[in-house]
Amino acid sequence: VKNSEAASERLMKPYDELIEHSRAKITMLPIRGGEFLMGSPQTEAGREQDEGPQHTVKISPFWMAECEITWNAYEIWMSDLDILRREVNGTKQTIRDKLAEPFQISKPTDPYTDMTFGMGKRSYPAICMTQHAARTFCHWLSAKTGRYYRLPTEAEWEYACRAGTKTAYSFGDDIDQLGDYAWHYENSNEVYSKVRTKKPNPWGLYDMHGNVAEWVLDQHEADTYSSFNGKTASNPLRILLKLFPRVVRGGSWDDDPELLRSAARVGSNEDWKIQDPQEPQSIWYHTDALHVGFRIIRPLVSPSKAERTAKWDKSEPLQIDLEK
């Protein structure tokens, strides 16, 4: 894939990740590494206690998806659309197809209802998946393309959202401008919208504020930032130890403007599964999280297999909450 490799941060360029045996593509933008002040100041309107204290974080370079993962890409994995197309066209299985097989065997069960809930599919963000499902999609995409993809950490997400800014939103503090950049409760008509229909942030990323909230890798803990107070954190990650709560970022079409701020943090909860009729409830779907989706990143330097197992792809508790 043209421009998908770079020998150094300086040489990183945007590229389109093409999903083989489909028409879907994911545009990836280079995000240079650097330091930023994570969290919000005590004077910021709408601030919650879990957004502080502010602390310095160092981030390594990565590529990030220009927008939230759409149904166009998600359903290829979710519904085996690439396999079906390959069979119809009589196309032989590639080595990458074989490597991706385990993650297509371990894929979402058929949903009990339309997971778009009638809000739209083509070019709309995929929603209602658990963090586990989003992570498994990344494993499948990595095998399918030969390039390592994962969810961003909470720190990487905020760094990319801020795009060098220190204000409440990536465009400043003037909430009257929010409608130019984001879909939220006051302008969404209670549905999500197609991606790329609002202005991007300074680094060219769309819908970092609003449309759908986005999964990151971290466990949500109210006092996470206190452990970094006075220190510079390097690529931090709060590794998962329990099923709830896990962090989503960015706010959504169903949220008030305060939850769309760059520093705002939200934790998942069991109410996101209320409508799920299955017993035990699905590890793949949050049937009541119509406001939650995800986007992906790709580090410039791919971690070793040992690093992936120990940190980035560490096994997670699925249905058992370790606190119970």
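It should be noted that the structure appears before, not after, this text.
Counting of residues starts from 1 at the beginning of each chain's written sequence and follows it residue by residue. In view of the model being predicted, local features appear only for residues whose pLDDT reaches at least 70, and side-chain atom pairs are presented and counted only at 80 or more, with totals across whole chains, interfaces and linings using the full set of residues. The side-chain quantities take in all heavy atoms of the structure and omit both hydrogens and water.

A separate point is the nonpolar core. Counting residues in hydrophobic clusters, the biggest one holds 51 residues, and the most contacted among them are Ile26, Trp71, Tyr74, Phe137, Trp215, Phe294 and Ile296. Contributing elements (two or more residues each) for this core: strand E2 (25–31), strand E5 (62–65), helix H1 (71–78), helix H4 (131–145) and strand E6 (213–219). Secondary structure elements follow DSSP: runs of H or I of four or more residues count as helices, runs of E of two or more count as strands, with numbering from the N terminus. Counting residues per element, this core draws most heavily on H4, which supplies 7 residues. Excluding residues within four positions of it along the chain, Phe294 makes contact with Glu68, Ile69, Tyr74, Met129, Ala134, Phe137, Leu151, Ala213, Glu214 and Trp215. Counting residues in each nonpolar core, the second largest holds 20 residues, with Ala155, Cys161, Leu205 and Ile297 among its members. Only buried residues count toward a nonpolar core. Its members are Ala, Val, Leu, Ile, Met, Phe, Trp, Tyr and Cys residues joined through side-chain atoms within 4.5 Å. Whether a residue is buried, partly exposed or exposed follows from its accessible area with a 1.4 Å probe, protein chains only, as a fraction of its type maximum: under 20%, in between, or over 50%, in that order. Working rule for contacts: check all heavy atoms of both residues, and any pair within 4.5 Å makes them a contact.

Quick look at the pairing of strand E8 (residues 246–249) now. Neither face of E8 is exposed, since Arg246 and Val248 on one face and Val247 and Arg249 on the opposite face are all buried. At least two bridges found by DSSP between two strands is the condition for calling them paired. As defined by bridge partners, E6 adjoins E8 across 3 bridges and the pair is classed as antiparallel. In the sheet register, Trp215 faces E8, and the bridge partner there is Val248. Across 3 bridges, the pairing between E8 and strand E9 (residues 265–267) is antiparallel. The residue bridging Val248 from the neighbouring strand is Val266, located in E9.

Note: strands within a sheet are paired through backbone hydrogen bonds, in either parallel or antiparallel orientation. Taken in spatial order, the 3 strands of this open sheet run E3-E4-E7, and their pairing is mixed. For this open sheet the edge positions go to strand E3 (34–38) and strand E7 (232–234), each flanked by a neighbour on one side alone. Direction aside, neighbouring strands of the sheet carry axes that sit 30° apart on average. Two strands pair when backbone bridges link them, and E3 and strand E4 (residues 55–59) are joined in this way by 5 bridges, in the antiparallel orientation. Along E4, the bridge assignment pairs Gly34 with Ile59. Seen against the sheet, helix H5 (residues 154–162) touches E3 and E4 and runs at an angle of roughly 95° to E3. Think of each axis as a best-fit line through the C-alpha atoms, taken over the contacting stretch in the case of a helix, with angles from 0 to 180 degrees between the N-to-C directions.

What follows is about the sheet that holds E2. An order of E1-E2-E5-E11 is seen for the 4 strands of this open sheet, with the pairing classed as antiparallel. Every other strand in the sheet has two partners, leaving strand E1 (15–18) and strand E11 (297–299) as the edge strands with one partner each. The mean inter-strand angle of the sheet, taken between neighbouring strand axes irrespective of direction, is 30°. Two elements, E1 and E2, share 4 bridges in a ladder whose sense is antiparallel. Looking at E2, one finds that Leu18 is bridged to Lys25.

Here we come to the packing of helix H3 (residues 95–105) against H4. Contact geometry of H3 with H4 gives a least axis separation of 7 Å together with a crossing angle of 170°. As judged from the angle between their axes, H3 and H4 are roughly antiparallel. Between H3 and H4 lies a crossing whose hand is right-handed. Across from Arg96, Asp97, Leu99, Ala100, Phe103 and Gln104 in H3, the residues of H4 making contact are Thr136, His139, Trp140, Ala143, Lys144 and Thr145. For classification, angles of less than 35 degrees are called roughly parallel, those exceeding 145 degrees roughly antiparallel, those between 65 and 115 degrees roughly perpendicular, and all remaining angles oblique. The handedness criterion is simple: a crossing whose near helix is rotated anticlockwise from the far helix by less than a right angle is left-handed, and one whose near helix is rotated clockwise is right-handed.

On to the packing of aromatic side chains, then. Any two rings among Phe, Tyr and Trp, with Trp reduced to its six-membered ring, count as a pair given centres within 6.5 Å; such a pair is stacked if its planes are under 30 degrees apart, edge-to-face if over 60, and tilted if neither. A complete count under the given rule lists 15 aromatic pairs for this structure. Between the aromatic rings of Tyr159 and Trp203, the centroid separation amounts to 5.3 Å while the plane-to-plane angle is 65°, which identifies the pairing as edge-to-face. Here Trp203 lies in the loop between helix H6 (178–181) and E6 and Tyr159 lies in helix H5, a separation of 44 residues in the sequence. On the accessibility criterion, Trp203 (30% relative accessible area) is partly exposed. Counted as over-ring charges are cases with an Arg CZ or a Lys NZ within 6 Å of the ring centre that also lie within 35 degrees of the ring normal. Its end group placed over the ring of Trp312, Arg150 keeps NZ or CZ at 4.0 Å from the ring centre. In this arrangement the basic side chain of Lys198 is found over the ring face of Trp183, its NZ or CZ atom lying 4.1 Å from the centre.

Now for H1. Burial within H1 is extensive, with 7 of its 8 residues counted as buried. If you check which residues of H1 are buried, you get Trp71, Ala73, Tyr74, Glu75, Ile76, Trp77 and Met78. If you follow the buried residues of H1, they end up packed against E2, helix H2 (81–89), H3 and H4. Looking one or two residues beyond H1, the residue adopting positive phi is Asp80, at roughly 60°.

Let us now look at unusual backbone geometry. At the junction of Gly52 and Pro53, the peptide bond is cis and its omega measures out at 0° in the coordinates. Looking at the element boundaries, Pro53 is found in the loop between E3 and E4. Here the residue pair Phe244 and Pro245 is connected by a cis peptide bond, since its omega of -10° sits within 30 degrees of zero. Mapped onto the elements of the fold, Pro245 is located in the loop between E7 and E8. The phi torsion at Asn189 lies on the positive side, around 55°, for a residue other than glycine. Among the secondary structure elements, Asn189 is positioned in the loop between H6 and E6. Asn189 gets classed as exposed once you look at its relative accessible area, which sits at 70%.

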